[in-house]
Structures are given as C-alpha cells and as structure tokens.
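Each chain is listed here by its residues.
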Amino acid sequence: MRVPLIVVRAFSEPLLLLAAFGSILLATTTLVALTMYVSSIGDAGVRRVLETAPYRETTTTVSALVTAETFQRYDRAVRDDLTTVHTTLPALTTSLRSDSYVMPGQGGDKQPELLRFASHDGLSRHGRLVSGRWPATGGPVVETVISQPAAAATGFAPGREFVTEGRLDRIPVTVRVVGVFRLDDPAHGRWAGEELLSRGVEHGDYTTYGPLIVAEETFLARFATNVRATWTAEPDFAALTVERLRPLAADIERTRERLAAAGCVNCLTAGRLPGLLTQLATASLVARSTMLIPVLQVLTLAAYALILTARLLADHRRMEVALLRSRGAGTLRLTALAAGEALLVAVPCAVVAPFLGPPLLALVHQLPWIRSSGVSLAPPVDPAAFLVSSGVALGAAALLALPSLAGTRRTYVEEQSARGRGVRGLIEKAGADLALLAVAALAVWQLRRYGAPVTATAAGGLGIDPLIVSGPALALLAGGMLGVRLVPRVSRLAERLTSRRPTLAPALGTWQVSRRPLTYAGPALLLTMAVAIGILSMATVSTWRASQLDQAAHQAGADLRLSGPSAGSELGALGRGTAFTALPGVTAASPGLRRQTEVNGEPALLLGLDAAALGELFDLRPDLSAQPVARLARALPGDLAGRLELPGRPRTLTVRVEAPAPAPARLVLSDALGVWIDLPLGELRAGGNRIELDLAVTAGRAGRITYPLAVRGLVADPAAGLRLAGLGADGGDVPVPPAFAARREPGPLPVVLTAGLAASLKLEAGQTGPATVAGRVVPVTVAGVVASMPTSAPGQQALLADWETLQARELAAAQPPLPAAEWWLAARDTAPAREILRANPQWDVTVTDRRELSVKLRDDPLAGGLQGALILGFAGALGFALLGFLANAVVAARERGAEFAVLRALGAGPRQLFGLLATEQAFVVGLSLATGTGLAVAVGNLVVPHLVLTGQASAVTPGVLLHIPPAATAAMLALVAGMLLAIVAGLAWRLRRARTLEER
C-alpha cells in the first residue's frame, strides 16, 4: 500500500516531528487544564465560600406579626416565594414566640419573673432530648419541653405541672413539662437571635426564662395573639453557578415587594445573603481576571516555542521545498503539504488533551495550599474542553506551517543565495521590540493606575480589561526580546576574554556563538521567558501568601482582639479582664479603646492601648513606620493621674466626701490590669458624706477582680469643690493625702498619627500642635507617623494614644473614664483560648483571631485560585523551555557533524568536543538564567503588587510588598540549569557513541 506523501514527508524528520508534537500536546494540555481550572475554580470556590460562610451570612429571614387566622396564609406565601427564587424550596425553619407569662407563684409581685412560650420546628434537628419526650398536641394541658440552662435556672423538670398567666391578659394556662433538651451547638450562628433559647435566661428590666417549647399546632391554638413569626431559609448552593449570583441577589432583595403583593403587607425581610452574593460575583470576576494572566503567559511562550520548532523544521526543509518547486510543485501544492503535515501533528493533540486536563488538575490539587482551600477540582471533559483544545491545536498548526509557507515562492538558486546573506543589525531588529515594549508599558501603566485587571465598564459594572490582563505577558516578551538582542555583544566580549586563555574549548565555543548569534538567540529567548515566568509565578504566590498574613495582622491588630460590652451581668467591668488574661497561652494583655471620632472635622479612628504592652501585642509591619514599635511605645506615655492603692482584696469600700453644696459625684477606680470604672456616689449633700460601695458587683456573677485596686479621683463639676476626706476598705481606714485628686491641667497628649492625618494637622514626628479631637481642642505631640494603623479600614486616618494617658486626660476634664470595650491579647497559641471563649457565649465576646483570620484569607478559594493557575503556568513554561532547548541543541549538533569531524581530524578529543558543546550551551543557559531573573524582578516590581487584591477588587491594606523567595528561586534556577546541562551531557554522549560506532 502506498503511503501518502504527507506522512512520508513528516516522518522524514522524526526528531523535529516529535518536538513539534510535544510542544503542541503540551500547549493544548496546559491551556485546556488552565481553562478548566479557571472555570471550575469559580463555581467550586463560590460554593465553598457559601458552605463555610457564617450562618447569618447565607440565610434569609422573613418575619411578620401573625394570628392563628393569618399564619397559614402568610406561611404559604413565604414558601411559594422562596421556592420561586431558589428554584427549589430551601430548608425552611419556622419559629414563633409568645408574649410574656408570669412565673408561677409571682402573680401578685410588682416586678415578677417572666416565662415565654415558643415553637421552633427545627429544634429536633439541631438539639436532642436529655430526658423525657417531645411535646404532643391537643388536650387541656399544654405540654412543653425546656432547655437545660432554663431547667437549671427555673428548677423545672419532666413531670412538673404548674399554672401560669399572661402578664397582660391574665389568662391562665396549665403547663406540663414533658422533657428537657440540649442544643447540639449553642454557639452556632442560627441561635444568634435566640439568646433566650441558647442561654435559658435573659436579664433586662425583667428577668425572663425559657422558652417553653410547644408544638406548632398548640402554639397557634393557645398563644398566637398577634405574635411574631419568623421564617429562616437556608438555601442549597450545590447547583449554584457564578452566572446566577447577581440575578439571585436581585431576586432575594425583591422578596418583601413580592410578599406584600401576595397579601403579607407587614412581612419584613432581613439577611446579608444578597450582599454576599454580589461580593462573590465581584470576587469571581477578579479571580478570573488574575488567572487569565498565567494563561496568556503560557500562550505567549507556547506560540514562541512552536515558532522556534517551526523555524528549525523550515530550515531543514528549505532546500527540499526549493527542489520540489523547481520540479513543478506549485504554491497551492506546497501549502497543502505544509498544512497537512501540521494538522497531522496537531489533530491527535486536540483529541488527547481534554482527557489529560483532569489528571493534571488532580496533581495540582495535591499541593498543600490548594488542598487546604477545601475545593475539589474534578471538571468534566465537556464540549468546551474540546473547543479549547481544537482552537489551540489549529492555532499551533498555523504557527507550525507558516515558516514553511514563507519559502514556497523561492527557487533552488534563490534559496542557495539566501543562505549566504547576512542578517540585519541590532538597531534594525530592535524596532519591533521597541514597539512591543511601548504596548507593554501602556498595559502596565494602566494596571498600576487602575490597581486591578478589572475596570469599570460603560454600563457601570466591572469588566476584564484585555490590555491590562495581557500586560505582564507582553512585558515579559518585550523584555526577553530586548535582553536576547544583547547575545552578539556579550558573545563578542566572551570571545575576547576566552581567546587569551590556552584552552581550546572555551575559546572555540564563544567564537562559535559570536559567529552565529541568531542560532542561539531563539532558545535563549525561550529560556529567558520560561525562567522569568517561573520566578514571577513563585514571587506572585509568595507575595500573595505574605500579603494574607499582613492583612490578617492588620485587621486583627494583635494575636487575639476581643470586642464586646465593657460590662455585663456574667462578667462585670472588673471581671472581664481577669477572665480574658487568664486564658491559656496569653502572654500580654491591654484593655483597649477603639472608636470612631473626628480630628479637625475629619473622621478618624481613635485607638487607646497600654503603651507598656505595645511591643508584645501590637502588630505593625516594620515598613509602615520609620520607628520600631518599641520606640513608639516609649514615646507614648504622657501625664498620668494619681493613684491611691487600696490594701488587700477589699469587697466593700467606704467613701467620705466633703461637699460645699449639694452635687452629684462618681468615684473612679482602676484595677491591676488597667481597667478604669466609675461608681456612682449619688447626690451628695452639703457637708460631710459617707457612702458604702459594694465592689463585688463590679466583677459580675462569674467574674473575679484582679487586685490591687486603686482610687484615681472623683468625677464631678469642677465648681462643686468636692474633697475626698477619707476611705475605708473592708472596714479598715486608708489614709488619703491632702492633695490627692487635686485637678491640674495635663500636658500635650503624645500620639501616633497616620501619614494623612499628620499632613492635615501639618505636624511631623516630634512636633507639638493643637488638634480638635471629638470637639475638644487638645495639644498633641507626634510620637511617630505610620502609613497605616492596624485595625483601620482602607484609607482611614487614625491616631494611637496611651491608655493611661487618655484616662488621665478624661479625669482631668471631669469626664467618666473610657470603657474597656476591647481587649488586645498576645498569645503563643490562640486555639485553646478561642475554644474557651466560644464555649462561653454568655461572656458576650466577639473574637478576632489573627491566626484564624490568616487561615481564612489564605484558604479563600477565589482569592487564592491564582496559585493553582500559576503552578500550571510554571510547569508548562518549564516544559516548553526543555523541549525547545532539546530540539535546538540536537539539531544544531547534527548540522555541525562535518565541523566536528574536521575537529576530530585535527586532533580534538571527546573531552574537548564536550567542552565546546558545554561552553556554547552554558553561555546560552547562563545568559538566559541571568536575563530571566532580572526580567522577573523588574516585571514583578511593576506588576505583582497590583495582582494581589481583595475579593471586592480593591487594593489590600496594608500595601503589598513584593516577596521573591530566595531559597526557592535559587533551587529553581539550579534545577533548570541542571536539567539543561544534563541535556548537553546526553548530547555529547550521543555524539561520542556515534563516533565509536563509526570507527567500528
């Protein structure tokens, strides 16, 4: 059977055919895997974020006042509407809560303790019975179950039957407790609005216990007297795609309008899901835009690798094509041969590549930082994958055929003369490079100006800017081409240096490179771009991960930051600090003030922290301040208030005050942790006053005071002329100095300012000037200036002052002390402390954990999706570099067979021939590694900081610092150099073996 000419012609150059096949297969597989990754990480990342988001972020709540008659109609309207919005009915929980009922036996009390009844149809799914059974419906006696905390507080147990009555309508209800239950996770977000259910008791104007859970039918029959019903929807996001995010958010936002049209006019909707969905839509767009950057880099490198292989193939076919033309082959025939040969290589790659993409993604998913995101990458081999592979393969086939088509119009004589012509000079060849550099500079300038690869569209939304996205790839290509054009000059310099040495191989090798620079320029450019892409990929990943740590430290401010009310019934004002500083692992602590204020009419964040503890707990990145934190801490303390320490551990305090006239007053105390509180002394009468104070209440029910306590002064109208005449602690007298609590004007307040605030005040470090803080003119001394203050929002101005100095200034102004609404803690390991805090929801604390926050930011699949794309891009770049270098080196060595024979005839041995090859290729490898590293550093400084964005497509705070990992970069360069030199060694061994066979 006659073999087609196309097949015979293709297999006449098996090495180049294999190189072309490998390049096209690598290009199609890598780009298919990248497009699969980009598309799948978006949907999988969105679902992962929604699965791990707090309960209140992903649910929608509808509430309405209902009666027994209206509940069924409203319930049906809510369920129908939510089914329409979510396509399928989400998991829906209905809860109802009654009016107040009086505790048994307290009907005649003026302020009785209260009970509440409730119905919660999801309770059996999120709690379990400890004893008894769930309540049944019907009968004259209302059956109920009660939570463990409520049972402990009320003494109710299964079998207990009692009569209660409505606090307002006085209608009696006979109740029987049939069971006690326990919530699976009382701290879960689903109970955030159900404090009574999770804690069993609420303290306010009245103390309320419960709720007493009854069946829904019982509640509607006995307690539905215009009470509030709440429907909570938990959608199933398993089938949610990125394209559905914004439409779903819009549909949820219109829920109230649709319910009102359906007859539920008093239905109210609440929930953060629309905002979260909109945020995720933006985040997915940002993720896609950044992940397109390595795609375009690989595409550029793949195109150049194919052009290099095609040029080698065309050079080998040049005389063959000329002979075919001289024998009558026309342009159409030669074009068909070239295209057919290219398609013969490309079509199998288009078929195979989609099936290689998923296994390649599975390997990427094994990387620890990809696996830790929790996203499972298992994309299907769908028509889109074949469409991408076919497009890439056709483009590769065109690139493979183009150089061959360029010579189809030349005759044999023209080809012979073309081979002897010289090449254009450096300046002529630099024209295209400079044009490409100008385009790349424009793209990079736009990226630095807009701060992201996404920009505003004409419709007012966000869109991907193709020029900005292609900027890094264009910059690498332009820089690489400009760098490689230095090959002739560097090779001539190397030739002059090596010609002075007595050894033959280096001199002959550098002379060979300087004689034929364009032969080595192609693989040099390929290696330069591959090395630059590799270093840039590692730098981007390292910079991104370092930025997540910086963001977490900036948002938290310390290892642990606890926020909440300064005092509560469980932990009082002096009990909170004791509980928090006793948490396991805590090594330093400071009460903190963090509030919004105005400075000279501009909004600013005011921070007050203990200056003595700043060095251990204040997370300020070193580059954000010209001074280290330790020096700032030493400069912050100012004028402090006096203190009169109370001996022992007093539980009561006797205060004696002399007043010239009646006036209200408060006594200011502080504990050993630095917490300041004020205790009311009431309305003082003229003359001597004696007030007994109970200090135990300042600790709360479960708190303890950290002694010693100290009296700091009195808060009263300065004109009242009060004098602290004496003190008694647990019955013992405490001497009071005559001048204690005398008022004096404090000096300037030392502060650390953000740069913008310092500029608006026209102050620099060390200068003193007036500032209007919260409406009061305060002289301030600038202890330091920082670029960004920890815990501040992006672009927000802030000032930091010493906690004790702030309190002293408030006392001097006869103002109450500042509440310790926050606690900043330093801890070696925050996990044990965090678990204790979450196990005690009654402490009413919001925990910001720097380590937990850094893990959350690091494992964000959308923000971190770029890492996987960069790894794929780097692997593809390395593959193209090795294939291109191998093909070029082998072809170059084969073409120089006659030259090597002459050298051997002149007495050159195998070691000298190996030295010759090693010198030539080492020159290419060394120049490429050096140029690629320099190019990566230059482009990285311009581009990488603008690729690290928040999920909302905004710049991160604090600003991004480029981080190129030196050890990983050196290892990568050594690995590439080793692999390339191994290729050279293998090539030398092959030449030596061929000569041995020849001699035999």
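What you are looking at is a predicted structure, and each value in this text was computed from that prediction instead of being measured.

Asks: Before we move on, can you summarise the sheet that holds strand 24 (residues 732-734) with the specific residues and values?
Replies: Spatially, 4 strands are ordered 21-18-23-24 in an open sheet, and the strand pairing comes out antiparallel. This sheet does not close on itself; its edge strands, each paired only once, are strand 21 (687-694) and strand 24. Averaged over all pairs of adjacent strands, the angle between strand axes in this sheet comes to 25°, irrespective of strand direction. Direction of pairing for strand 18 (residues 652-659) relative to strand 21: antiparallel, over a ladder of 8 bridges. Bridged to Ala659 within strand 21 is Gly687.

Asks: So what's going on with helix 2 (residues 14-52)? Which residues, and what values?
Replies: Taking 1.5 Å of rise per residue, the 39 residues of helix 2 would be expected to cover 57 Å, and the 53 Å separating its terminal C-alpha atoms lies within 8% of that figure. Of all the bends found along helix 2, the most pronounced is centred on Ile41 and spans about 25°. Within helix 2, 28 of the 39 residues are buried, which leaves the element mostly enclosed by the surrounding structure.

Asks: Tell me about a nonpolar patch on the surface, and please be specific about residues and values.
Replies: A contiguous nonpolar surface patch, about 650 Å² in accessible area, is contributed by Leu343, Val347, Val351, Val352, Phe355, Leu356, Val381 and Leu394. Tallying contributions element by element places helix 12 (residues 331-365) first for the nonpolar patch, with 6 residues. Mapped onto the elements, Leu343 comes out in helix 12.

Asks: Tell me about the environment of Leu636, and please be specific about residues and values.
Replies: Mapped onto the elements, Leu636 comes out in the loop between helix 23 (629-635) and strand 17 (644-645). A residue is classified by how much of its surface remains accessible, and Leu636, at 0% relative accessible area, is buried. Taking the C-alpha atoms as reference, Leu636 lies 9.4 Å from Trp803; in sequence the two are 167 residues apart. Excluding its chain neighbours within four sequence positions, the residues that come into contact with Leu636 are Ala611, Leu614, Pro750, Val751, Val752, Ala783, Leu800, Ala801, Asp802 and Thr805.

Asks: Can you explain the pairing of strand 19 (residues 663-670)? Please cite residues and give values.
Replies: Burial analysis of strand 19 places 6 of its 8 residues in the buried class, which makes it a mostly covered element. As paired strands, strand 19 and strand 20 (residues 676-684) are joined by 8 bridges and run antiparallel to one another. Each bridged residue has a counterpart across the sheet, and for Ser670 the counterpart in strand 20 is Trp676. From the end of strand 19 to the start of strand 20, which pair antiparallel, there are 5 residues, and Gly674 there has a positive phi angle of about 95°.

Asks: With reference to specific residues and values, describe the packing of aromatic side chains.
Replies: Following the criterion strictly, the structure yields 11 aromatic pairs and no others. With centroids separated by 6.1 Å and ring planes inclined at 25°, the aromatic side chains of Phe618 and Trp824 adopt a geometry described as stacked. Of this pair, Phe618 sits in the loop between helix 22 (614-617) and helix 23 while Trp824 sits in strand 29 (residues 822-827), placing them 206 residues apart in sequence. Summarising the burial analysis for this pair, Phe618 and Trp824 share the class buried. Taken together, Tyr101, Phe117, Phe219 and Phe223 form an aromatic cluster joined through their ring pairs. Its end group placed over the ring of Tyr206, Arg167 keeps NZ or CZ at 5.1 Å from the ring centre.

Asks: For the environment of Pro140, give the residues involved together with the corresponding values.
Replies: Here Pro140 shows up in the loop between strand 4 (127-132) and strand 5 (142-147). With residues near it in sequence (within four places) discarded, Pro140 still touches Thr174 and Arg222.

Asks: For the state of the cysteines, give the residues involved together with the corresponding values.
Replies: For the structure shown, the criterion picks out 1 disulfide. Here Cys264 pairs with Cys267 through a disulfide, and the sulfurs are 1.5 Å apart. One quick way to see it: the torsion about the S-S bond of Cys264 and Cys267 is about 75°, and its sign makes the bridge right-handed.

Asks: Describe in detail the pattern of salt bridges, supporting the description with residues and values.
Replies: One pass over the structure, following the stated rule, counts 27 salt bridges. In this structure, Glu804 and Arg712 form a salt bridge, with 3.4 Å as the shortest nitrogen-oxygen distance. Separated by 92 residues along the polypeptide, Glu804 in helix 25 (residues 803-812) and Arg712 in strand 22 (residues 710-715) bring together distant segments of the chain. Across the pair, exposure class does not vary: Glu804 and Arg712 are buried alike. A salt bridge links Glu810 to Arg776; the shortest N-O distance between them is 2.5 Å. Taken as a pair, Glu810 in helix 25 and Arg776 in strand 27 (residues 776-786) lie far apart in primary sequence, 34 residues in all. Three or more residues are tied together by salt bridges with common partners; here these are Arg133, Glu143, Glu161 and Arg176.

Criteria and cut-off values
- Residues numbered from 1 in each chain as written.
- Predicted model: local features only at pLDDT ≥ 70, side-chain atom pairs only at ≥ 80, totals over all residues.
- Heavy atoms only, no water.
- Pairing = 2+ DSSP bridges.
- Helix = DSSP H or I, 4+ residues; strand = E, 2+ residues; numbered from the N terminus.
- Axes fitted to C-alpha atoms, helices over the stretch in contact; angles between N-to-C directions.
- Expected span 1.5 Å × (residues − 1).
- Bend = angle between axes of the 7 residues up to and from the residue.
- Buried < 20%, exposed > 50% of the residue type's maximum accessible area, 1.4 Å probe, protein only.
- Patch = residues over 30% accessible without salt bridge, like charges linked within 9 Å, V, L, I, M, F, W, Y side chains within 5 Å.
- Areas by Shrake-Rupley, 256 points an atom, 1.4 Å probe, with all protein chains shown as cover.
- Salt bridge = Lys/Arg side-chain N within 4 Å of Asp/Glu carboxyl O.
- Contact = heavy atoms within 4.5 Å.
- Phe/Tyr/Trp six-rings, centres within 6.5 Å; stacked < 30°, edge-to-face > 60°.
- Lys NZ or Arg CZ within 6 Å of the ring centre and 35° of its normal.
- Disulfide = S-S within 2.5 Å.

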